[in-house]
Structures are given as C-alpha cells and as structure tokens.
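Listed here are the chains, written in short residue letters.
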Amino acid sequence: MTTTTQLALTHLVEGQTSAELTLNDSINKLDAVIHLSVKDRDLTAPPGSPTEGDRYLVKATGTGDWASQDGNVAVYLTGWSFLTPKEGWTIWVDDEDVSLRYTGSAWQHLRTVQDSVTASV
C-alpha cells in the first residue's frame with residue numbers, strides 16, 4: 001500500500017476491504033497533529049490509564065509499549081500509535097507550558113532554536 005509523504009497516512013485503494021478502518025486511522029492521526037500538544041515529555045513508559053486521544057512525547061529509553069519509540073509522539077487511540085516527527089514540527093508541552101521544535105534529530109526549546117537562528121543571521 002502507498003502512503004502520504006508527511007504523515008504516512010495509508011491511501012485508500014479501489015475495492016479495499018474495510019476501507020473505513022484505513023480512513024479512520026488517517027483521520028485520527030490528522031486529529032493528533034493538527035494542533036500538536038502533548039501532556040508530558042518526561043515519561044519513558046506509558047501511563048497506566050490513558051484517555052482516548054492522549055498524546056505524549058516519548059523520552060529516550062522508552063520501555064514497554066513505548067520501546068524503540070524515543071522522540072516520537074505517542075497517541076492513545078484504543079492502543080498506542082506513534083508519529084515520527086518531521087523537521088520543523090512544533091509541539092506544545094502541557095505540563096511545562098513550553099514549545100519545542102524538532103530540528104530533524106532532536107526536540108529543542110523553541111526559544112533555543114530562535115536564538116541560534118538569530119545568531120547566525
């Protein structure tokens with residue numbers, strides 16, 4: 001199956017069985033990133049009782065369902081789904097009241113990114 005270039009949303013194909021599952025998965029991923037915010041970025045393991053739609057930024061050395069998902073956005077949609085960030089993504093961290101930007105290799109405080117751009121101009 002083919003996917004979109006930015007969010008890896010699966011394309012529907014003619015005659016696809018259970019096409020609503022593919023479409024609903026894509027809608028859920030879009031909903032998770034349109035206004036991208038996460039509850040926390042300091043957890044290495046999933047919380048015990050997540051609520052549908054909860055999002056977290058997986059801290060390095062993720063464990064359990066979050067193993068091998070370091071730096072990705074974990075979204076709870078009747079189970080954990082993960083979004084791999086693209087360079088330039090901006091995210092709000094609810095419990096810290098800070099914005100982060102993904103540089104292509106790491107999440108940095110938005111202020112740090114702005115300072116480095118200003119210094120290089």
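See the structure printed just above.
Residues numbered from 1 in each chain as written. Predicted model: local features only at pLDDT ≥ 70, side-chain atom pairs only at ≥ 80, totals over all residues. Heavy atoms only, no water.

1. Regarding the environment of D70
Here comes step 1: Assignment of secondary structure puts D70 in the loop between β2 (55–57) and β3 (73–76).
Here comes step 2: When the C-alpha atoms of D70 and A60 are compared, they prove to be 4.7 Å apart, with 10 residues separating the residues in sequence.
Here comes step 3: With residues near it in sequence (within four places) discarded, D70 still touches V58, K59, A60, T61 and G62.
Here comes step 4: Within the local environment of D70, its side chain forms a polar contact with the backbone nitrogen of T61, the two atoms lying 2.9 Å apart.
Here comes step 5: For D70, the side chain forms a polar contact with the main-chain nitrogen of G62, separated by 2.9 Å. (Helix = DSSP H or I, 4+ residues; strand = E, 2+ residues; numbered from the N terminus. Contact = heavy atoms within 4.5 Å. Polar contact = N/O pair within 3.5 Å; in protein donor to acceptor, adjacent residues only side chain to side chain.)

2. Section: the environment of V13
Here comes step 1: Assignment of secondary structure puts V13 in the segment before α1 (19–34).
Here comes step 2: On the basis of relative accessibility, which here comes to 41%, the residue V13 falls in the partly exposed class.
Here comes step 3: Distance from V13 to T2, taken between C-alpha atoms, is 9.0 Å for residues 11 residues apart in sequence. (Buried < 20%, exposed > 50% of the residue type's maximum accessible area, 1.4 Å probe, protein only.)

3. Considering the pairing of strand β5 (residues 90–93)
Here comes step 1: Here β5 shows one buried face, formed by I91 and V93, and one open face, formed by T90 and W92.
Here comes step 2: Where strand β1 (residues 37–38) and β5 come together, 2 bridges link them in parallel fashion. If you follow V38 over to β5, its bridge partner there is V93.
Here comes step 3: As paired elements, β5 and strand β6 (residues 98–102) share 4 bridges and run antiparallel to each other. (Pairing = 2+ DSSP bridges.)

4. Overview of the sheet that holds β5
Here comes step 1: Here we have 4 strands laid out as an open sheet, ordered β1-β5-β6-β7, and mixed in their pairing. Taken across any chain shown, the strands that pair with only one partner, and hence form the sheet edges, are β1 and β7 (107–109).

5. Focus: a nonpolar patch on the surface
Here comes step 1: A cluster of nonpolar side chains, contributed by L12, L23 and I27, occupies part of the molecular surface with about 260 Å² of accessible area.
Here comes step 2: Note that I27 resides in helix α1.
Here comes step 3: By relative accessible area, which is 45% here, I27 ends up partly exposed. (Patch = residues over 30% accessible without salt bridge, like charges linked within 9 Å, V, L, I, M, F, W, Y side chains within 5 Å. Areas by Shrake-Rupley, 256 points an atom, 1.4 Å probe, with all protein chains shown as cover. Salt bridge = Lys/Arg side-chain N within 4 Å of Asp/Glu carboxyl O.)

6. Focus on the environment of F82
Here comes step 1: For F82, the location among the structural elements is in strand β4 (residues 80–83).
Here comes step 2: Beyond its immediate stretch of four places on either side in the chain, F82 contacts V58, D65, W66, Q69, V73 and A74.

7. Let's talk about a negative patch on the surface
Here comes step 1: Taken together, D42, D94, D95 and D97 make up a surface patch of like negative charges.
Here comes step 2: Of note, D94 is situated in the loop between β5 and β6.
Here comes step 3: For D94, a relative accessible area of 35% translates into the label partly exposed. (Lys, Arg positive; Asp, Glu negative; His and termini not counted. Charge placed at Lys NZ, Arg CZ, Asp CG, Glu CD.)

8. Details of the sheet that holds β3
Here comes step 1: Read across the sheet, 3 strands follow the order β2-β3-β4 without closing on themselves; strand pairing throughout is antiparallel. Edge positions in the sheet fall to β2 and β4, since each of these pairs with one other strand and no more. On average, each strand axis in the sheet is inclined to that of its neighbour by 25°, with strand direction left out of account.
Here comes step 2: Strand direction decides the pairing type here: β2 and β3, joined by 3 bridges, are antiparallel. For L57, the partnering residue across the bridge sits in β3 and is V73. (Axes fitted to C-alpha atoms, helices over the stretch in contact; angles between N-to-C directions.)

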